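Breakdown of the fold
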Amino acid sequence: MAFRLKLNPEQLRQLRSTQRPKLDKAGAIVTGAKGFAVLEPNPDGKQWRFLDASPGAPTGFGVFVGKLKSTYEVQRKIGGKVMRISIGDTSELSLKDAHDLAGVKVAGAKKEGKHPKVLAEKDLSIQATKALTVNQAIQLYHDMLARRTRPATEGTLKTLTNSIARLARPEVGIGNTPIMDLDEEQVTNAFEATRLSAALHSNRLPQHVKDFMELKGRVDLTDVELAKLGVTSEAMRTRIRAAGVSAAEQTFATAFRAVNYVVDKEARAAKKAQRKAVLFGNDFGVLWEEGKMRDAAGLHDYYEKARVRNPLGSEDNTLGNAIEYLWSRRQAQRGQNESGVYYLLTTLFLGARRNETAKLAWFDRLSEAERSTKSWVWLDEMDPKAWRAGVPSVNPVTKKKGPQVFFARTKNRRDHSMPLGPISVQLIKRRFDTRLPEDDPRARWVYPARSKRAAEGHYKDSKAIMKGLGEKLSVEFGPTPHDLRRTLGRYATRVGISDRIISRLFNHLPPKKEDEDEGAKSSVRYQEPEWFELQDALQKVEHLMASSAPTFYNMLKPADWPLLPTRQEPASSEE
């Protein structure tokens, strides 16, 4: 590894051998803002390596830069042998997670005196199986999901690496425990420890509540204890007691599936070798037996009591007030809020998930190859010929008419495209009219970050604006960006849009039914709505939603929508 480099997250995600570090005349690495290395085209595309120069990097930690992907790795001398250990794809793992995972893998290699890859062999040896730890089982499960014909999503794989990190925490302490040495009591204790640890790391709990939890060593505080802390709302008590539960459930469900995977793998290996299996049973199952893992009914009960779902509405005029508040904030702080305001309003009228809207790029600023893998927006203005003729454009990828949006690889692993409603069109046109010049590193994004130095280039953090919105609406909880998505569903029902069209707009998969046969699945596919049906539905629901905020409505409405009278502010007593 000839270089020591410091790269930012975006550089690491996109890193390929088509790039190389830029050197000055003296052969030193050229760095830019915050000491990050400057990259330039690599004409010969030859693969290369470098050591990580970022703070906290483990000894020997670096990156292998390949033609198709780049991989974190760590090179150490263990048991008299130099071992180069692969950690994971740079597009999948954050640098900090890779540092943590490298520590886990090096520790495992030192303990066994062997390279971790021996555990990834098709048939685990009896000795290796007996020594297999919980985190090694999760890593094996991770590697299997990553290499199969239809690989798991980036989010799923990140969940596995997060689980490894949580189980390796000293206060949890079962990540490096061999599965054969594990018992049910250790599992239940580790579950509670993970729950408490996650609660103490939460940014949703007041600090004085977290301090009290740490003092008591538990999350389940009594009504009396919570009252002393100033918590009197039943919904807030429910939320506090549920702190850390989701993280613990996710972590231990991951461990349960991973152990099941290696148990099955060992059973097949034993059958092939005509021997008895040395690994069987799964102690993580005790969590379901004792009711610590919530089922669908338990989750629904929690959502109701904690008032988690809070779509905006008309009865208390939260929708109208929210739209007017957001619209008024676009010029606040010398225009620094503008991108965030348009991002949230578009999320509301698209009914999209917050990360889906954030990653929208301009279609005409993506390469042809990227247009099938990146999320984008298409406007009629991007087809000059159709624009001059005054006719709807046709997108060259979808072959659909008019303004539209494409979300790549959504939460359910499916691509999703839909037309833009009239209000969404006007919101995005305003972004188009003021978009950044092409030489700006943020130029491709519909909602660019404030700073050119932002790692991902696009807007992503709306916490401050959403906090201000919650204070403006005087609501106990929320709203959250996902409540904006829920709002579209609430209003779509009011204008009589059918369930099949609502499901299509939200990109929801049909619910699974135990008795459903292939014919029933096909009949659902036959009900796919046509493009004009989606356009008509969005016109209706956007009209109803926008009309709750007359000032906003009148500024963005199409020419054929009638004007609305604006609200009159009450006169002051001095007038």
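Relevant structure appears above.
Residues numbered from 1 in each chain as written. Predicted model: local features only at pLDDT ≥ 70, side-chain atom pairs only at ≥ 80, totals over all residues. Heavy atoms only, no water.

**A word on the packing of aromatic side chains**
As a reminder of what qualifies: Between the rings of Phe, Tyr and Trp (Trp by its six-membered ring), a pair exists once the centres lie within 6.5 Å; its type follows the angle of the planes, with under 30 degrees stacked, over 60 edge-to-face, and the other angles tilted. A run of H or I in DSSP counts as a helix once it spans at least four residues, and a run of E counts as a strand once it spans at least two, with each numbered from the N terminus. Residue burial is assigned from relative accessible area. The probe radius is 1.4 Å, only protein chains are included, and a residue is buried under 20% of its type maximum, exposed over 50%, and partly exposed in between. Two conditions define a charge located above a ring, namely a distance within 6 Å from the ring centre to NZ of Lys or CZ of Arg, and an angle within 35 degrees of the ring normal.
Going through the model one piece at a time under the given rule, you end up with 17 aromatic pairs. Summarising the aromatic geometry, the rings of Tyr-343 and Tyr-459 are spaced 5.2 Å apart at their centres and angled 50 degrees between planes, so their arrangement reads as tilted. Residue Tyr-343 is located in helix H14 (residues 338–350), and its partner Tyr-459 is located in the loop between helix H17 (422–433) and helix H18 (463–473); the two are separated by 116 residues in the primary sequence. Take Tyr-343 and Tyr-459: they sit in the same class, and that class is buried. In textbook terms, an aromatic cluster arises when at least three aromatic residues are bridged by ring pairs, as seen for Trp-327, Tyr-342, Phe-349 and Phe-552. The positively charged end of Arg-435 is found above the aromatic ring belonging to Trp-362, 5.4 Å away from the centroid. Positioned over the ring face of Tyr-491 is Arg-494, at 4.5 Å from the centre of the ring.

**Thoughts on a negative patch on the surface**
Basically, it comes down to this: Like charges are joined within 9 Å and nonpolar side chains (Val, Leu, Ile, Met, Phe, Trp, Tyr) within 5 Å, but only among residues with over 30% relative accessible area and no salt bridge; these make up the patches. Areas reported here follow the Shrake-Rupley algorithm with a probe of radius 1.4 Å; residue values treat only the protein chains shown as occluding. In what follows, salt bridge is the name for a side-chain nitrogen of Lys or Arg lying within 4 Å of a carboxyl oxygen of Asp or Glu. Charge counting follows a simple rule: Lys and Arg are positive, Asp and Glu are negative, and His as well as the terminal groups are ignored. One atom stands in for each charge, and that atom is NZ of Lys, CZ of Arg, CG of Asp or CD of Glu.
Taken together, the side chains of Asp-183, Glu-184, Glu-185, Glu-289 and Glu-290 present a region of like negative charge at the surface. Along the chain, Asp-183 falls in the loop between helix H5 (154–167) and helix H6 (184–201). Overall, Asp-183 belongs to the partly exposed group, its relative accessible area being 34%.

**Regarding the pattern of salt bridges**
Summed over the entire model, instances satisfying the criterion amount to 26 salt bridges. With its nearest N and O atoms 3.8 Å apart, the salt bridge here joins Glu-192 to Arg-195. Highlighted residues: Glu-192 and Arg-195, both in helix H6, separated by three residues, approximately one helical turn. When its relative accessible area of 30% is taken as the criterion, Glu-192 is described as partly exposed. On the accessibility criterion, Arg-195 (9% relative accessible area) is buried. A salt bridge links Glu-234 to Arg-237; the nearest nitrogen and oxygen atoms lie 2.7 Å apart. Of this pair, Glu-234 and Arg-237 both sit in helix H9 (residues 234–241), three residues apart, roughly one helical turn. Judged by relative accessible area, Glu-234 falls into the partly exposed class, the value being 42%. Taken together, the shared-partner salt bridges connect Glu-10, Arg-13, Glu-456 and Lys-460 into one network.

**Concerning the pairing of strand S5 (residues 61–65)**
Put simply, the test is: Here, a strand pair is defined by DSSP locating no fewer than two bridges between the strands.
Within S5, four of the five residues are buried, which leaves it mostly tucked inside the rest of the structure. As paired elements, strand S4 (residues 48–52) and S5 share four bridges and run antiparallel to each other. Within the sheet, the bridge partner assigned to Trp-48 lies in S5 and is Val-65. Bridging between S5 and strand S6 (residues 70–78) involves five bridges; their strand directions are antiparallel. The residue of S6 that forms the bridge with Phe-64 is Thr-71. The turn linking S5 back onto S6 is made up of four residues.

**What to know about the sheet that holds strand S7 (residues 81–89)**
Using the following cut-off: Working convention: axes come from line fits to C-alpha atoms, limited for helices to the stretch in contact. Angles between N-to-C directions cover 0 to 180 degrees.
Strands sit in the order S1-S4-S5-S6-S7 across an open sheet of five strands; the sheet is mixed. A single partner strand is all that each edge strand has here, and the edge strands are strand S1 (3–5) and S7. Across the sheet, the mean angle separating the axes of adjacent strands is 35 degrees when strand polarity is ignored. By the bridge criterion, eight bridges tie S6 to S7 in an arrangement that is antiparallel. The residue of S7 that forms the bridge with Gln-75 is Arg-84.

**Describing H18**
The cut-off we apply is this: By the convention used here, residues are in contact when the closest approach between their heavy atoms is within 4.5 Å.
Looking at H18, one finds that the buried residues are Ile-465, Met-466, Gly-468, Leu-469, Gly-470 and Leu-473. On the buried face of H18, the contacting elements are helix H13 (318–328), H14 and helix H19 (481–494). Within two residues after H18, Ser-474 carries a phi angle of roughly 55 degrees, on the positive side.

**Examining the packing of helix H20 (residues 499–506) against helix H22 (residues 531–546)**
Stated precisely, the cut-off is as follows: Any angle between 65 and 115 degrees counts as roughly perpendicular, while under 35 counts as roughly parallel, over 145 as roughly antiparallel, and the rest as oblique. When residues are sorted by character, Ala, Val, Leu, Ile, Met, Phe, Trp, Tyr, Cys and Pro go into the nonpolar class, Asp, Glu, Lys and Arg into the charged class, and all the rest, Gly among them, into the polar class.
Between H20 and H22, the shortest axis-to-axis distance is 11 Å and the interhelical angle comes to 90 degrees. By the criterion of interaxial angle, the relationship of H20 to H22 is roughly perpendicular. Taking contact as the criterion, the partners of Arg-500, Ile-501, Arg-504 and Leu-505 in H20 are, on H22, Trp-531, Glu-533, Leu-534, Ala-537 and Leu-538. Looking at the contact of H20 with H22 residue by residue, the class counts come to six nonpolar, no polar and three charged.

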